[in-house]
Structures are given as structure tokens and as C-alpha cells.
4 protein chains.
Amino acid sequence: MTTSIKGKVAIVGAGNVGATTAFALMNSGTVSEIALIDINREKAEGEAMDLSHGGAFVEPVDVYVGDYEDCWDADVVVITAGASQKPGESRMELLERNVSIFEDMVPQITERIDPETVLLVVTNPVDILSYVTWEVSNLPHERIIGSGTVLDTARFKQVLSQHCDVAAQNVHAYVIGEHGDSEVPVWSSAHLAGMPFDDFCSACLRDCGPDIKDELSEKIAGAAYEIIDKKGATNYAVALATAEIIDAIVRDEDTILTVSTLMQGQHGLDDVYLSLPSVVNRRGVRQVLEYDLTDEEHEQLHASAETLQERLDELDLR
Amino acid sequence: MTTSIKGKVAIVGAGNVGATTAFALMNSGTVSEIALIDINREKAEGEAMDLSHGGAFVEPVDVYVGDYEDCWDADVVVITAGASQKPGESRMELLERNVSIFEDMVPQITERIDPETVLLVVTNPVDILSYVTWEVSNLPHERIIGSGTVLDTARFKQVLSQHCDVAAQNVHAYVIGEHGDSEVPVWSSAHLAGMPFDDFCSACLRDCGPDIKDELSEKIAGAAYEIIDKKGATNYAVALATAEIIDAIVRDEDTILTVSTLMQGQHGLDDVYLSLPSVVNRRGVRQVLEYDLTDEEHEQLHASAETLQERLDELDLR
Amino acid sequence: MTTSIKGKVAIVGAGNVGATTAFALMNSGTVSEIALIDINREKAEGEAMDLSHGGAFVEPVDVYVGDYEDCWDADVVVITAGASQKPGESRMELLERNVSIFEDMVPQITERIDPETVLLVVTNPVDILSYVTWEVSNLPHERIIGSGTVLDTARFKQVLSQHCDVAAQNVHAYVIGEHGDSEVPVWSSAHLAGMPFDDFCSACLRDCGPDIKDELSEKIAGAAYEIIDKKGATNYAVALATAEIIDAIVRDEDTILTVSTLMQGQHGLDDVYLSLPSVVNRRGVRQVLEYDLTDEEHEQLHASAETLQERLDELDLR
Amino acid sequence: MTTSIKGKVAIVGAGNVGATTAFALMNSGTVSEIALIDINREKAEGEAMDLSHGGAFVEPVDVYVGDYEDCWDADVVVITAGASQKPGESRMELLERNVSIFEDMVPQITERIDPETVLLVVTNPVDILSYVTWEVSNLPHERIIGSGTVLDTARFKQVLSQHCDVAAQNVHAYVIGEHGDSEVPVWSSAHLAGMPFDDFCSACLRDCGPDIKDELSEKIAGAAYEIIDKKGATNYAVALATAEIIDAIVRDEDTILTVSTLMQGQHGLDDVYLSLPSVVNRRGVRQVLEYDLTDEEHEQLHASAETLQERLDELDLR
Ligand SMILES: NC(=O)c1ccc[n+]([C@@H]2O[C@H](COP(=O)([O-])OP(=O)(O)OC[C@H]3O[C@@H](n4cnc5c(N)ncnc54)[C@H](O)[C@@H]3O)[C@@H](O)[C@H]2O)c1
Ligand SMILES: NC(=O)c1ccc[n+]([C@@H]2O[C@H](COP(=O)([O-])OP(=O)(O)OC[C@H]3O[C@@H](n4cnc5c(N)ncnc54)[C@H](O)[C@@H]3O)[C@@H](O)[C@H]2O)c1
Ligand SMILES: NC(=O)c1ccc[n+]([C@@H]2O[C@H](COP(=O)([O-])OP(=O)(O)OC[C@H]3O[C@@H](n4cnc5c(N)ncnc54)[C@H](O)[C@@H]3O)[C@@H](O)[C@H]2O)c1
Ligand SMILES: NC(=O)c1ccc[n+]([C@@H]2O[C@H](COP(=O)([O-])OP(=O)(O)OC[C@H]3O[C@@H](n4cnc5c(N)ncnc54)[C@H](O)[C@@H]3O)[C@@H](O)[C@H]2O)c1
């Protein structure tokens, strides 16, 4: 009944996102051991030193530079490692480079991995690389999760929260599909304060015009680009999103999260990783929820899946 | 009796340290409003967007880009703004550039400032710039605090904790003096588990050799250089240290922290900002504690103060 | 724009519920000052001593025995004071006794109260006594809140969470109306994982039978009786519910909570205190949300309101 | 290297202290599963229901009524079960009754216990009953811990903190020996703000008179009696103390705590359980620290040990 946890997370890739995720985990106190692994060992050492110097201010936690074998007995291995775009390199060339990094890295992570360890992929394109990780690792798909649209869902909530002046905790809305341009904000099931968005809208005295949904959708879809434009990268919200998924796993929470996971017939989709609301617990994804979409949303989801499938086909993995 | 708090922090300088401090504050839930102010407004906008997208994962908090007037009604204004070294620029030239930034910036921060707002300087050289802030602002010195050696003290604890295998929470040791090369780790009052370091050492079966204190002292003093060497800058531990000071102020804690503060005769020192253990609460520094140092430590502290005084003299502020 | 907070809560009634609420507040770290006030000063002293001895384990907080004047500068005054049923005493007689306690106590609480202090009534029957507090105090109704069905709403979520095996954080469902026998669980807007309850039910493979809603409703309505039967009183969940409301106020959150508040035409109801989802922030109740109910729910709500109105009429307050 | 944790605590005895400890654990989020076991199953059911209704307000946690077999795979089993004094019963008679309860209960707890589970005794007289638990269980003494003077140490810190107006977090002082009348507050190593108490005293401008230590010592020793007198029992601070010990174990912290543990030559003491500062981690007590006491303190400690040894002898266990 009780699953075993070790209170240990291994983070492969101590870059911007990996180190900030370690910091978020230190602050939340979920685990007592964090190993940082990076091909650039010096970078990982610098981050581990800086993080561990904060030890006196948080719940006791051991942050250190590790090796792949630190993944084997971790509760969760977070993969944020990846190459960045070289000048003149196309998106597809970058992806191919990352795929070969994963083909080399994943076997080292899983070599003698504990049968209860869950792998959480964050590197982009996250849906493709989660699929690759699953293929390469040969592990049960439930235990290979992509961070998917958990971040986009958080942005959807935040944007609605600010626009409608209600705490983000009272906004319930999902973004599904690809973590990327083809993602689908599910307006039909968006709720504020327990009311469907349209009802809340009519109850609210402000008149935001007929195009408000499109405007807000664009804001969500454009958020990552806008931040990268302004500060060069994103790290804080994605770190909190990743920490939230880790929490759901380590604490065996059965929390609903729009993680990226293998489709097996849901909404007629198959053999592709993408995000749908899913129940996450100590074993990874317990169940993918399939729920009512409008025809338009259904089509958008299928278009999103096709984009991903095409990319997988181009990679010629299968 | 009860002081008034607004649950608001303004951070001037949304760089590496400023943004990470905002993130640490979001995670700790101390305040419900964080304003980021930066001469590079776009950078501040990017950070505020990224941070606020994490809103659904933490206690409700409003993070936004502000202006200097957001400082006026904040509980604490954190100053992390500063110029970075230009190629060929000497340390003194950089300092002079930062001093003129402060001379321009501080009056805007304090123009109509609430009489209960505390200013917390983090920009380096923090002891000099805290003094400058005090001079320029004309505010009571209790309300102008430098982050001083709070970070170095945390490093001292961490290094001892790891070396002696005892939780950092059970190590009590201070670094005093300048936040910089001349800082003084006060070994004579270092305690582990309630025992003076020397007693703990003899009780412990390991033999760490006669030079262990010097080795560990060097490790602490060299930490910042080593991290900057490895990852280019430091941000995580300093952000937690800054958040800890903010906590002590906002929650009116009477916590002992080695913040940088105006010397007024303590250990025979005067008219210089440096760090000694001090009681920090809603009003800033309530009291600077003056406690027994060995003769060697006393001399080291005086040497540290002289370094700072010389630099202040060169600046010709007084 | 920024409201002023003092980080102080006064609790009138240091009984079972009042002391446990103080303990929950200590643990959450929301405020730094908690004053306990009770007609039985010795009881309050014992609780304050016991609570304050835990001070070394939590964020610094000052817990002490206070007087009515401690209410005047608090952010929130929580009222949990009340008489308990005497042998042979009818429910109406007990209520009359509590009303006269409130008529005596409330003016002392509000005598020189800060214009920003919010009063939060917890004593039962909470809807009636919130109304009485409002009448007696002559303060704006927004600032007199009853804890209402916040606890019942939490129970609804918990019962659904356990029954359907989904984290309570992903269940959204409200109980409205009286905090008592006539309360109304709003099944029509209950959501799990973003899906309406009925949809979730059909998606779920288990067959729970046609009467499952009635069974679960009974479980919620009977919960308080069952606990009182088994352990003599309830205190833990109500303390967390109360702390949640306090959080929403002190942190100015705009959180949706089913607090008890004055009806002014919502769903055709007037001049009675009862619970509907409401936006709570630093000023108390910002807005009462009026949203779609089924005809049956609408009728149940009206029946619930009538029960309360009759009781108010019997009291002959108006 | 990594020890295995399950994030589960079993509490035997769902009385005042047991239930409040469960509540403290819910608030701190350390574990995700709490089983309550009590001979009075109805009481345990009532507490579990009440606690679990708060689930929506905290990190997901499963609180339920369990059986002895729930102890077998817990990280920590907390024992707060015990009989209360009957009218006319002597202290020794009560103790004998509790000893026979433990002789019956402990074998059921340990029947098929995981080799990593730690037992934490809280029932009074805690030093005697920890010894009994060790004897009866035949488990390694490191894994049988008594809560000892962790609570008294917290009271010592709180009393010094309030008297000297310094945050409790900056006060370091231990109470050792018996958890009871013969306990020894170790003034010789008490530190405030890094300064020995006497130095702090001379630096402080107030003159508290020559008898201040005795006065404060009495306040600490009398605290439990005073609280029991005023409110009938103590529960809040002891619950936080117990949660702190659990944290140190589950998080493998190497924290120094004055838990009650088997003496094996420390300060010349043997074959008795009492409290000295000890390093606590996932395996229980890693090391008992033996540090300098004044002659008077040494004598007091021996007197305290004798009291306990006499009681053990009377019980005729060995
Ligand atoms: N899924 C999301 O929601 C989301 C959000 C933001 C960023 N991301 C993605 O996260 C990834 C990391 O972003 P970042 O900003 O941290 O980048 P970064 O460049 O700062 O960090 C990447 C790190 O990976 C390391 N690395 C490269 N190859 C490696 C290998 N073979 N083994 C181990 N480590 C290796 C690098 O040394 C570097 O430290 C990117 O792919 C980014 O697109 C995803
Ligand atoms: N005291 C400590 O313990 C400690 C530790 C680490 C860093 N630091 C210091 O903190 C400072 C900031 O470091 P960083 O890594 O964040 O640097 P950074 O370069 O990332 O950020 C500095 C920010 O200040 C802004 N800025 C410059 N001039 C400004 C002005 N006039 N008004 C408003 N904003 C202005 C810049 O636009 C930039 O965003 C440095 O001085 C660094 O040495 C102190
Ligand atoms: N609203 C809810 O969701 C909810 C849930 C649980 C309990 N309650 C209610 O909370 C109230 C308190 O319950 P409890 O279990 O703490 O009861 P309790 O008897 O333990 O505590 C009541 C306290 O009020 C004090 N008191 C009585 N008259 C007073 C006066 N004039 N001034 C100051 N203090 C006075 C008493 O001395 C006592 O300490 C009850 O009315 C109970 O029904 C409400
Ligand atoms: N060590 C400390 O610092 C400290 C502090 C406070 C209280 N205590 C002690 O904690 C103990 C519990 O105090 P309390 O206030 O919770 O008492 P309580 O009477 O409220 O609870 C004791 C519980 O133990 C249960 N119990 C009795 N026999 C049992 C058995 N054989 N198996 C299972 N459960 C059994 C009872 O049903 C009851 O629910 C007391 O011994 C008290 O002195 C210790």
C-alpha cells in the first residue's frame, strides 16, 4: 500500500531551469537530497555551492554535484539538459542534436534505475523528447512524464486571475495539447469561482468585448516569447511548475496536472506524447482524463497532435 | 505598540540578485506585494511576467513592475541595482560610478518615503554603498541597513555543518567586519550543538589537523570567488539571506543578524558601516551587540574597518 | 492602493476552537502577533503559555493574553466566544443567552476599532450571530463576516476527493446557505479535475449507484454530528478554515470563500446573513457572487434562508 | 547511502497530544500519510475525521484510523498512549499500570516492524517508558527515542527570548536529564545572540538582579504544572516538539535535540534513559554529545539520573 520514497531528486542539466528548480525545491522542503548532474561539471559545482550556502535558511537539505548513478535511487529524475540553438542552425537540426544527446544520456540515467523512479522531462520540445525518452528507456510509459502544459495552464490561470480580479487559486482552466504553438486553451471548461467563464463574464459588470477570449489566448500563447524577448530565457514559473509535479509524485498526491504523457486512444489519439489533464501520483501518471471538448477544441487538439506526430515521423525514431 | 506593515517589498534592481530575491519572497509567502524597479524596464517586465506566472503555485502575491513611488509605501526597499565592471575599468572607477548612481537614485527612493520604511542595500561594495545611502538619504541610520555579512555568516555555518556533519541549524557562528576580503570569521564564539568549536573538536573522534580553522576560513572567504568563477555570479544564497533580513523586519522579529550598520563607538569604531551581530526588527537595527573578541579578532576587525574607512575617504563624501 | 496591515489577529474566546485557530495561525506564519481574550482569563493564560512555548519551532510570533482593546488595532478579530448548552436548556434559550453575550461583548470589541479591522464570527449559530454582530456594531456589513459554510465546503471537497480518489485540491464544490441542517451542497456546479461531477462519474469505471449524491450529501451534513458524537467537539478543520479566511483578509487575496454575509437581493434574498461564494480581501467581503442554481437548489437555498429569517424574527432584534 | 522513507507516521494514542501532533504534522507537510491508533477506536475515528476535513487547506495528506500493523511500515511510530491517574491512585501505581500497557502494546507495534522504523515515546514518565519500550522491544537502542526534554529546552529558549527580548531562534540553551522535576537547565552553555548568557547580561543595560537565573529556572520547571493548572493539560508545544523530532528523523537531518536516549557511559551514566544533546537522523540517535558541565550541573545531572534509576529499580524490570 505504502510506496517507498527516499526524499531525493536528481536533476540532469544544472542550467537556468535546472538550478532554479533545485532552488524552488529547497524552498518548498519537499525533499532532503538534491543531486545536480551536468556535462559542464564546473557549472553544476557553482550552482550546488551557491544553493547549499542557503542551507541555514531552509529546512535541512543536501545539495551536491552528482553522477548518473545518483539518478538510480532518486524518487524523481528531472531532465532539463539540452543544447541551445547555434547560429544558423534550424529548429529541426537543433532537435536532432537534442535527440542524439538524449539517446546517449537516457541509457546512463536508467542503467540500474530503481523500479519506482519516475523520469520527468522538461527540455524542449518537451513532448517530442518525452517520447524519445520513453522509446530509448523502454520503461513503462506511466513513469516517463513530460512537464507538458503545466506551465501554460499556470499562465492561463494567472492571466484569467489578473483580468477578472480573482485569486489564481480560484481559477480552474487547462491548456492541453502540445507545449508550444499549437497548444489549446480549453475555454469550454474554464471556471472562475465555480462558475463557467461565460457565466462569470455576464455576472461581471465590466464589458470586455466579444474578442476577449482570443485576446487572452494570444497573451498566454505569446507569454514565453515575450519573456524570452525581454529577459533572454524563462526560469521562475517553469521551476515552480516542475516542483509542483515533483510534489505530486513524491507525496503520492493523485493531483490533476496537464503533464505530457503517452496517448493510447484518448480523444482518438495514439502513439504520441502530449498533455491532457492526468492524475499524477507516486507511480507517475495513474490515469489520463478524457473529457468533453467542443468540436472546435477537439479539432485543435487533433491539429496539435498532428504537428507532433509529423515531427516524430521526420525524426524517424519508430 | 503594534507597528504597521503593508506586506509590500520594493526591489530596485531586477537583475540576477533582485529577481531571485523576489522569487525567494514568493516562495516564503512573507509579503503579498512585490514591486520590481529597474532602469532597464524591459528586463524588469520580463522578470515580473515570469515570476507572476508562478502565482498559482504559491500563496497569492502580486508581482509587478513599479516606479520609484512604489518604494514610498513599501515595508522594505531592497537595493540591488548597480553597474557592472567595464573592460579596463578599475575597482575604484566602478565604485565611483556606483556612487553616482546611488546619489541619483536614493533621493528618488526617499522623496516621499513612509517614516516606517526600511532601506536594505545589497549592491556591492555593500558597506560603502550603505554608508552612501545613509549620507544621501539623511534618514536615521537605524533604517538604512546593508546585507553585510549575513551571507558570509550563512556560508560559515554551512561549511562547519558539512565539515562536522551537524545540521546547519545547530551551528552558530558569525562573520563580522567588511563583506569582502577583510571579513573576520569569529572562531572564538563559534558553537556547534551548544559546544564551543574547540570542545566539539576534541569530543569528535576525527583528527582534522592543526590548520583546520585556517583551511575552513579560506573556504568561506574564497566561496564567492569560486562560485563566480564557476557560474559567473552568485544569486541563490544571497537571495535567501536577503529574504531572511526582510522577514526579520516585516515580522518585527528581533532576530540577530550580521547586517551592515553604522558604527557608533562599538569596539572603538566610528563613522563607518560594517557588520556586527545586531538585533533587527520592524524599525531596522534596534541594537548592535558588542561582544568579547580575542585580541587577534579585535585587530582583524579594526583592520577591516580601516580598509572601509580608507575607501570612504578616497570617495571624498564626508 | 496598498492597504495597511499589522500582522495581528485578536481571538475572542480561547476555547477549543479559538486556541486551535491560534495554533493553526502559528503554523502558517501569516501573522506575527496573536492576542487571546477570554472571560475565563486563566484558560486564556494557559493556552497562551502552551502556544508560546512552541515559539522556537515556528516563524517568530508573539502569542499573549489580551484585553478588548487588543481588538482595536488587529487586522482581524475572530469571535469564537460563546456559552455552551446547559442541561435542560432549549436551543432557542441557548441562542438567546449567546445573543445577550454578543450584545455585551461586541460594543467592547468595536469601541475604538480601527476603520480597517475585519470581524470574523465563528460562534454558532454563526449566521444568526454574524447578523447580530453587524446590527450591534453598526459597522459596514462588508467588514462583519461569518465563517459560514467554509468548513462545510471543505468537507464537501474532502468527501468527493476520497470517494473519487482525486486530490482535494482538484475538487471544486460549494456548500451554500445556512451553516447547519438546511445547508445546500451545490451539486450542479461541483467539478472534479475540471469536469462536472456527472461527466467525471460517467468517465469513471466504477458504478456508484443512482443514490450516490444523496449518500455523499448526508455524509457531509452529518459530519459535525458524527465528530461531536465521537470526540465531543470539532476543532481542527474549523481552525484551518478560519485560518484560511484570515489569510484571505490579511494577504488581501480576493479569494472566493463561502463566508456568511449580508444578503442584499442575491437570488432574491434580503436582510439575512448566509453563505454564498464571495470574494474576500483586506476589506472583508468585496463581492457576493450570484451564479446559476438548478430550480431545486434555488428552492433549497430559499428554504435555508427562511429558517434563518424565522430565527431572527423570534429574536426580535429588528 | 540514501535511506528509504515512506512519508508515513503512525501515532499510537489519539488523545490530546496524539491528535494535536497529527495536526502539527498536517500543517508542516512533512509526511503524506498519518495513521491514528487508539484503544478507544471511536475517539480515533472522530479525530481522523476532523483532521481529514482540513485536507483541502494543506499539502495533500491522508489521515486515517489504523491498526498496529500500520506501525510496521511507518517511518516513525509516535507513542502517546497512556492511562490517566485514577482517583486515589498513587504515581507509582499509575506508572505500573502504564508499564503493563506498554508491555502489552509494544510487542504488537514491533511484531513485524521494518528495520528502519524509529519509535518515539512521548507518554509520561517518558524516560522510564522509553526504557521499558527498549527493553520490551529488543530493538537497537538507537531506534527507541523518548521526546525527553525537547519541550523543556523549547521552554528554556522561550523564557530567555521573552525575558531578554531576542528572537527565540537566536537563543541556544539546553535542558538535560529527566523530563520532570529533576531536570537540569544548563546555564553554563546558554547563549543569546552568540554570547554566553553572563556576557549578554552584562552588555544589557537592564539590571535583573542576582537571582534571575533561579527565577527563570523555576519558571521553566513550573511551566507544565502551571499550564495543567490553567487549562487541564498541555498539547500545543509538545505537539510541535514531537513534530520537530519527527522532521529530524524523516528528513535525515542530523539535528541536535535533547531526546531521551540510553546512557552508555556518558558523564559516567549507564543503563538509564535520559536527555542529553544528541544528533538525530533517519536512523534515530546517531550520537550522544558529551560536553562540559560545571561541577554543580554535573551533580544535578547525576541526581536526576538517580531518581530515574530508582524508579526503574522499583519497577523491577531488569
Ligand atoms: N517545458 C517547459 O515548460 C520549459 C520551460 C522553460 C525551458 N524549458 C527548456 O528547458 C531546457 C533547459 O533550459 P535552460 O534555460 O536551463 O538552458 P541552459 O542552457 O541554461 O541549461 C542547459 C544545461 O544542460 C546541460 N547539458 C547539455 N548537454 C548535456 C548532457 N549531454 N548531459 C548533461 N547536461 C547537459 C548544459 O551544460 C546546461 O547547463 C531547454 O530545452 C528549454 O527550452 C522548458
Ligand atoms: N551583498 C551581498 O552579499 C551580495 C551578493 C551577491 C551580489 N551582490 C551584489 O548585488 C548587485 C547586483 O548583482 P546582480 O548579479 O543582480 O547584477 P545584475 O547586473 O544582474 O543586476 C543589476 C541590475 O541593476 C540595474 N540597474 C543599474 N543601474 C540602475 C539604476 N540606476 N536604477 C535602477 N536599476 C539599475 C541593471 O539594469 C540590472 O538589472 C551587485 O552589486 C553584486 O555585487 C551582493
Ligand atoms: N462556524 C463553524 O464552522 C464552527 C465549527 C465548530 C465550532 N463552532 C462554534 O465555535 C464556538 C466555540 O466552540 P468551542 O468548542 O471553542 O467552545 P468552548 O466552550 O471550548 O470555548 C468557548 C470559549 O468562550 C469563552 N467565553 C464565553 N463567554 C465569553 C465572553 N462573554 N467573552 C469572552 N469569552 C467568552 C469561554 O470561556 C470559552 O473559553 C461554539 O459556538 C461552536 O459551536 C463553529
Ligand atoms: N513528553 C512530553 O513532553 C509530554 C508532554 C505532554 C504530555 N505528555 C504525555 O503524553 C501522554 C498523553 O497525554 P494526553 O493529554 O494525550 O492524554 P489523553 O488521555 O488525552 O490520551 C491518551 C490516549 O491514549 C489512549 N490509550 C490508552 N491506552 C491505550 C492502549 N493500550 N493502546 C492504545 N491507546 C491507548 C487513550 O484512549 C487516549 O486516547 C501522557 O502520558 C502525558 O503525560 C508528554
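Conventions and cut-offs
Residues numbered from 1 in each chain as written. Chains lettered and ligands numbered in written order. Predicted model: local features only at pLDDT ≥ 70, side-chain atom pairs only at ≥ 80, totals over all residues. Heavy atoms only, no water. UniProt positions renumbered as here; feature names shortened; annotations may be inferred. Helix = DSSP H or I, 4+ residues; strand = E, 2+ residues; numbered from the N terminus. Rg over C-alpha atoms; globule rule 2.2 N^0.38 Å. Contact = heavy atoms within 4.5 Å. Areas by Shrake-Rupley, 256 points an atom, 1.4 Å probe, with all protein chains shown as cover. Lys, Arg positive; Asp, Glu negative; His and termini not counted. Charge placed at Lys NZ, Arg CZ, Asp CG, Glu CD. Near = heavy atom within 4 Å. Polar contact = N/O pair within 3.5 Å; in protein donor to acceptor, adjacent residues only side chain to side chain. Nonpolar A, V, L, I, M, F, W, Y, C, P; charged D, E, K, R; others polar. Core = buried A, V, L, I, M, F, W, Y, C linked by side-chain atoms within 4.5 Å. Buried < 20%, exposed > 50% of the residue type's maximum accessible area, 1.4 Å probe, protein only. Buried area = accessible area lost by both parts, 1.4 Å probe. Salt bridge = Lys/Arg side-chain N within 4 Å of Asp/Glu carboxyl O. Least-squares fit on C-alpha atoms with pLDDT ≥ 70 in both. Pairing = 2+ DSSP bridges. Axes fitted to C-alpha atoms, helices over the stretch in contact; angles between N-to-C directions. Parallel < 35°, antiparallel > 145°, perpendicular 65-115°, else oblique. Left-handed = near helix turned anticlockwise from the far one by under 90°. Expected span 1.5 Å × (residues − 1).

- Named according to an unreviewed UniProt entry, chain A is Malate dehydrogenase originating from Halapricum desulfuricans.
- Quoted straight from UniProt, the Function (unreviewed entry) entry for chain A says "Catalyzes the reversible oxidation of malate to oxaloacetate."
- The record held by UniProt for chain A lists under Pathway (unreviewed entry) the comment "Fermentation; pyruvate fermentation to lactate; (S)-lactate from pyruvate: step 1/1."

1. Here we look at the overall build of chain A
Here is step 1: Along chain A, the regular secondary structure elements total 10 helices and 16 strands.
Here is step 2: Radius of gyration (C-alpha) of chain A: 19 Å, near the 20 Å computed for a compact globule of 318 residues.
Here is step 3: Across chain A, the fraction of contacts at a sequence separation of at least 24, relative to all contacts at a separation of at least 6, is 71%.
Here is step 4: With an accessible surface of roughly 11,300 Å², chain A has 46% of that area assigned to carbon and sulfur atoms.
Here is step 5: Taken together, the 22 basic and 56 acidic charged side chains of chain A have centroids lying 5 Å from each other.

2. Some points on the site of ligand 1
Residues and elements named next belong to chain A.
Here is step 1: The local shell around ligand 1 holds 21 residues, among which Asn 16, Val 17, Asp 38, Val 122 and Asn 124 are the closest.
Here is step 2: Take Gly 82: an N or O atom from its main chain is 3.3 Å from an oxygen atom of ligand 1.
Here is step 3: Backbone polar atom of Val 122 to a nitrogen atom of ligand 1: 3.0 Å apart, as the coordinates give it.
Here is step 4: In the complex, the protein chains occlude 80% of the 860 Å² of accessible area that ligand 1 would expose alone.
Here is step 5: At the level of secondary structure, the elements contributing two or more residues to the shell around ligand 1 comprise α1 (16-28) and α4 (91-110).
Here is step 6: Here the residues of the shell around ligand 1 are counted per class, giving nine nonpolar, 11 polar and one charged.

3. Side note on the UniProt feature "domain: Lactate/malate dehydrogenase C-terminal" (unreviewed entry) in chain A
Here is step 1: On the UniProt side, "domain: Lactate/malate dehydrogenase C-terminal" (unreviewed entry) is annotated at positions that read residues 149-314 of chain A here.
Here is step 2: For residues 149-314 of chain A, the helix share is 46%, the strand share is 20%, and the end-to-end C-alpha distance is 23 Å.

4. What to know about the nonpolar core
Here is step 1: C:Ile34 and D:Ile34 are the most contacted members of the largest nonpolar core, which totals 226 residues.
Here is step 2: In contact with C:Ile34, other than residues within four places in its own chain, are C:Val9, C:Ile11, C:Ala22, C:Leu25, C:Met26, C:Val61, C:Asp62, C:Val63 and C:Tyr64.
Here is step 3: The next biggest cluster of nonpolar side chains, apart from the first, holds 224 residues, and it includes A:Ala22, A:Val184, B:Met263 and D:Phe200.

5. Describing the interface of chain D and chain C
In many reports, interface size means the accessible area that the parts give up when they come together.
Here is step 1: Between chain D and chain C, the contact holds 47 residues from the first and 47 residues from the second.
Here is step 2: With both chains or domains summed, chain D and chain C bury close to 4,000 Å², and 65% of this area falls on carbon and sulfur atoms.
Here is step 3: Taken together, the links from chain D to chain C amount to six salt bridges.
Here is step 4: For C:Glu45, the salt bridge identified is with D:Lys230, shortest N-O distance 2.6 Å.
Here is step 5: Connecting chain D to chain C are 20 residue pairs in polar contact (both at pLDDT 80 or more).
Here is step 6: Contributions of two or more residues to the side of chain D that touches chain C are made by α1 (16-28), α2 (41-52), α6 (150-164), α8 (212-231) and α9 (236-250) of chain D.
Here is step 7: Per element, the largest residue contribution to the side of chain D that touches chain C is nine residues, and it comes from α2(D).
Here is step 8: Considered class by class, the residues forming the side of chain D that touches chain C number 20 nonpolar, 13 polar and 14 charged.

6. Focus on the relation of the copies chain D and chain C
Here is step 1: Overlaying chain D on chain C yields an RMSD of 0.0 Å, the required transformation being a rotation through 180° with an accompanying axial translation of 0.0 Å. Each copy turns onto its partner about a two-fold axis. For chain D, the residue whose C-alpha comes nearest the rotation axis is D:Asn27, separated from it by 3.1 Å.

7. With respect to the relation of the copies chain A and chain B
Here is step 1: For the pair chain A and chain B, the best superposition has an RMSD of 0.0 Å and corresponds to a rotation of 180° with a translation of 0.0 Å parallel to the axis.
Here is step 2: With an isologous cut-off of 70% or more, the 100% of interface residues of chain A that recur at the interface of chain B puts this contact in the isologous class.

8. Observations regarding the sheet that holds strand β11 (residues 195-196) of chain D
Residues and elements named next belong to chain D.
Here is step 1: The three strands are arranged β7-β10-β11 in an open sheet whose pairing can be described as antiparallel. Of all strands in the sheet, those with a lone pairing partner are β7 (171-172) and β11, marking the two edges.
Here is step 2: Looking at chain direction, strand β10 (residues 191-192) and β11 are connected through two bridges and run antiparallel. Looking at β11, one finds that Leu 192 is bridged to Met 195.

9. Things to note about the side chain of A:Glu47
Here is step 1: Position of A:Glu47 among the secondary structure elements: in helix α2 (residues 41-52).
Here is step 2: Beyond its immediate stretch of four places on either side in the chain, A:Glu47 contacts A:Ala14, A:Ala19, A:Leu36, B:Lys231 and B:Tyr236.

10. Comments concerning the sheet that holds strand β15 (residues 278-281) of chain A
All names here are of chain A.
Here is step 1: On the basis of which strands lie adjacent, the open sheet formed by three strands has the order β12-β15-β16 and antiparallel pairing. Where the open sheet ends on each side, the last strands, each with one partner, are β12 (255-257) and β16 (284-288). Across this sheet, the average inter-strand angle for adjacent strands is 40°, counted without regard to direction.
Here is step 2: Alignment of β12 against β15, held across three bridges, turns out to be antiparallel. Among the inter-strand pairings, Thr 255 is bridged to a residue of β15, identified as Val 280.

11. Focus on the pattern of salt bridges
Here is step 1: Under the defined criterion, the tally for this structure stands at 68 salt bridges over all chains.
Here is step 2: The closest approach of N and O atoms between A:Arg41 and A:Asp67, which form a salt bridge, is 3.3 Å. Placement of A:Arg41 in helix α2 and of A:Asp67 in the loop between β3 (62-65) and α3 (69-72) is noted, with a sequence separation of 26 residues between them.
Here is step 3: Close ionic contact of B:Glu178 with B:Arg311 constitutes a salt bridge, the shortest N to O distance being 3.0 Å. With B:Glu178 in the loop between β8 (175-176) and β9 (184-185) and B:Arg311 in helix α10 (residues 295-315), this pair connects stretches of sequence that are 133 residues apart. As far as burial versus exposure is concerned, B:Glu178 and B:Arg311 are alike and both buried.
Here is step 4: One continuous salt-bridge network, built from bridges that share partners, spans A:Arg41, A:Glu45, A:Asp67 and B:Lys230.

12. Things to note about the packing of helix α6 (residues 150-164) of chain C against helix α8 (residues 212-231) of chain C
All names here are of chain C.
Here is step 1: For the pair α6 and α8, the least separation of the axes is 10 Å and the interaxial angle reads 125°. One way to sum up the angle between α6 and α8 is to call them oblique. Here α6 and α8 pass one another in a crossing that is right-handed. Here Asp 152, Arg 155, Phe 156, Val 159, Leu 160 and His 163 of α6 come into contact with α8, specifically with Ile 212, Leu 216, Lys 219, Ile 220, Ala 223, Ala 224 and Ile 227.
Here is step 2: A per-class count over the contact of α6 with α8 returns nine nonpolar, one polar and three charged.

13. Quick look at the pairing of strand β16 (residues 284-288) of chain C
Residue and element names in this part refer to chain C.
Here is step 1: The pairing of strand β15 (residues 278-281) with β16 spans four bridges and is antiparallel. Opposite Asn 281, over in β16, you have Gly 284 as the bridge partner.
Here is step 2: Following β15, the chain reverses through two residues before pairing antiparallel with β16.

14. A look at the side chain of C:Ser182
Residues and elements named next belong to chain C.
Here is step 1: The topology assignment puts Ser 182 in the loop between β8 (175-176) and β9 (184-185).
Here is step 2: Here Glu 178 takes part through its side chain, which lies 2.5 Å from a polar atom of the side chain of Ser 182.
Here is step 3: When sequence neighbours within four positions are dropped, the list of residues in contact with Ser 182 reads Gln 300, Ser 304 and Thr 307.

15. Some points on helix α9 (residues 236-250) of chain A
Here is step 1: Look at α9(A): 21 Å from first C-alpha to last across 15 residues, which is about the 21 Å you get at 1.5 Å a residue.
Here is step 2: Buried residues dominate α9(A), accounting for 14 of its 15 residues.

16. Focus: the UniProt feature "domain: Lactate/malate dehydrogenase N-terminal" (unreviewed entry) in chain A
Here is step 1: According to UniProt, the positions carrying the feature "domain: Lactate/malate dehydrogenase N-terminal" (unreviewed entry) are residues 8-146 of chain A.
Here is step 2: Between the end C-alpha atoms of residues 8-146 of chain A the distance is 19 Å, and the span holds 44% helix and 18% strand.

17. Description of the interface of chain A and chain B
Here is step 1: Residue-level contacts link 47 residues of chain A with 47 residues of chain B.
Here is step 2: Along the contact surface separating chain A from chain B lie six salt bridges.
Here is step 3: B:Lys231 is the salt-bridge partner of A:Glu47, the closest N and O atoms lying 2.8 Å from each other.
Here is step 4: Inspection of the chain A/chain B interface yields 20 residue pairs in polar contact (both at pLDDT 80 or more).
Here is step 5: Secondary-structure elements contributing two or more residues to the side of chain A that touches chain B are α1, α2, α6 (150-164), α8 (212-231) and α9 of chain A.
Here is step 6: Ranked by residues supplied to the side of chain A that touches chain B, first place goes to α2(A) with nine residues.
Here is step 7: For the side of chain A that touches chain B, the residue count by class is 20 nonpolar, 13 polar and 14 charged.

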